[in-house]
Amino acid sequence: FWFPTMLEMTMMGPYFGGYEASRRYFSDKCNFSTQHGDGDKATASKSISPIASFLAGGVGGSLFWIVALPFDAVKNQLMTQSLEASSLTSSSTKNIIYRNGDLRTIHQILSQTLARQGVSGLYRGMAPALLRTFPANGATFLTYETVTNIFAENHLK
């Protein structure tokens, strides 16, 4: 039960860190930002443009999967092992029988994957993951920034 939780907690650093770093880059270096208010520094607020927000969200989501995919590959192999339960009760899992010498532990899965396929075996499926995650996370952060700006503008009035 600890493995998925550890993954989620560990991968949030690259996700939000990548978003924030690319958000700053796009708004400062590429001038993808807009100015709100009357121009006075005390009342004006600077917000990121929709393009920059979308791109920064896509970068954050992509960094998440670049770091997370090896762990996810091991987790998926662990979860999809061929198991045949023998006399399995709800309180005991001691009688699980593995068919055909299937992978049993995280260490065995990782070792066998690296031996058979190398590091690239841990990154199988990277292209579809990135193709899905870039627009999905771009839209997520675009929505977040848009709603935040709407609330900020209403608060300034």
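Remember, predicted model here, so these are calculated numbers, not experimental data.

1. Quick notes on the overall build of the protein
Right, on to step 1. Helix and strand content of the protein: four helices and four strands.
Right, on to step 2. For the protein, the α and β elements follow one another from N to C terminus as α-β-β-α-β-β-α-α.
Right, on to step 3. Split into buried and exposed, the 157 residues of the protein put 28% on the buried side.
Right, on to step 4. Summed over all atoms, the accessible surface of the protein reaches about 10,300 Å², with 61% contributed by carbon and sulfur.

2. Focus on the side chain of serine 22
Right, on to step 1. Structurally, the position occupied by serine 22 is in helix H1 (residues 2–28).
Right, on to step 2. Not counting chain neighbours up to four residues away, the residues in contact with serine 22 comprise Ala56 and Val59.

3. Things to note about the packing of helix H2 (residues 50–79) against helix H3 (residues 106–117)
Right, on to step 1. Close contact between H2 and H3 brings their axes to 10 Å; oriented N to C, the two are set at 115°. Seen along the crossing, H2 lies across H3 with a hand that is right-handed. Between H2 and H3, the contacting residues are Val74, Gln77 and Leu78 on the first element and Ile106, Ile109, Leu110 and Thr113 on the second.
Right, on to step 2. Its residues placed into classes, the contact of H2 with H3 shows five nonpolar, two polar and no charged.

4. Examining the environment of tyrosine 15
Right, on to step 1. Considering the arrangement of structural elements, one finds tyrosine 15 in helix H1.
Right, on to step 2. For the pair tyrosine 15 and asparagine 137, spaced 122 residues apart in sequence, the C-alpha separation works out to 9.7 Å.
Right, on to step 3. Within the local environment of tyrosine 15, its side chain forms a polar contact with the side chain of asparagine 137, the two groups lying 2.7 Å apart.

5. Describing the environment of threonine 10
Right, on to step 1. Following the sequence through the fold, threonine 10 ends up in helix H1.
Right, on to step 2. Residue classification places threonine 10 among the partly exposed residues on the basis of a relative accessible area of 44%.

6. Comments concerning the packing of aromatic side chains
Right, on to step 1. Throughout the structure, instances matching the rule amount to eight aromatic pairs.
Right, on to step 2. Considering the side-chain rings of tyrosine 15 and phenylalanine 141, the 5.5 Å spacing of their centres and the 50° angle between planes classify their relative orientation as tilted. Of the two residues, tyrosine 15 is situated in helix H1 and phenylalanine 141 in helix H4 (residues 126–156); the sequence distance between them amounts to 126 residues. We note that tyrosine 15, like phenylalanine 141, is buried.
Right, on to step 3. Judged by centre distance (6.1 Å) and plane angle (85°), the rings of phenylalanine 16 and phenylalanine 141 are edge-to-face. With phenylalanine 16 in helix H1 and phenylalanine 141 in helix H4, this pair connects stretches of sequence that are 125 residues apart.

7. Focus: the environment of histidine 107
Right, on to step 1. Position of histidine 107 relative to the elements: it lies in helix H3.
Right, on to step 2. Judged by relative accessible area, which is 58%, histidine 107 ranks as exposed.
Right, on to step 3. Considered as a pair, histidine 107 and valine 74 are 33 residues apart in the sequence and their alpha carbons are 9.1 Å apart.

8. Description of a nonpolar patch on the surface
Right, on to step 1. A surface patch of nonpolar side chains, amounting to about 660 Å² of accessible area, comprises Met6, Leu63, Ile66, Val67, Phe71, Leu110, Leu114, Val119 and Tyr123.
Right, on to step 2. At the level of secondary structure, the elements contributing two or more residues to the nonpolar patch comprise H2 and H3.
Right, on to step 3. Of the residues forming the nonpolar patch, the biggest block, four residues, is contributed by H2.

9. Examining the pattern of salt bridges
Right, on to step 1. By the definition in use, this model includes three salt bridges.
Right, on to step 2. Aspartate 72 serves as the salt-bridge partner of lysine 75, at 3.3 Å between the closest nitrogen and oxygen. Pair noted here: lysine 75 and aspartate 72 are both in helix H2, with a separation of three residues, about one helical turn.
Right, on to step 3. Under the relative-accessibility criterion, lysine 75 is labelled buried at 18%.
Right, on to step 4. Here aspartate 72 falls in the buried class, since its relative accessible area comes to 17%.

The rules we used
- Residues numbered from 1 in each chain as written.
- Predicted model: local features only at pLDDT ≥ 70, side-chain atom pairs only at ≥ 80, totals over all residues.
- Heavy atoms only, no water.
- Helix = DSSP H or I, 4+ residues; strand = E, 2+ residues; numbered from the N terminus.
- Buried < 20%, exposed > 50% of the residue type's maximum accessible area, 1.4 Å probe, protein only.
- Areas by Shrake-Rupley, 256 points an atom, 1.4 Å probe, with all protein chains shown as cover.
- Contact = heavy atoms within 4.5 Å.
- Axes fitted to C-alpha atoms, helices over the stretch in contact; angles between N-to-C directions.
- Left-handed = near helix turned anticlockwise from the far one by under 90°.
- Nonpolar A, V, L, I, M, F, W, Y, C, P; charged D, E, K, R; others polar.
- Polar contact = N/O pair within 3.5 Å; in protein donor to acceptor, adjacent residues only side chain to side chain.
- Phe/Tyr/Trp six-rings, centres within 6.5 Å; stacked < 30°, edge-to-face > 60°.
- Patch = residues over 30% accessible without salt bridge, like charges linked within 9 Å, V, L, I, M, F, W, Y side chains within 5 Å.
- Salt bridge = Lys/Arg side-chain N within 4 Å of Asp/Glu carboxyl O.

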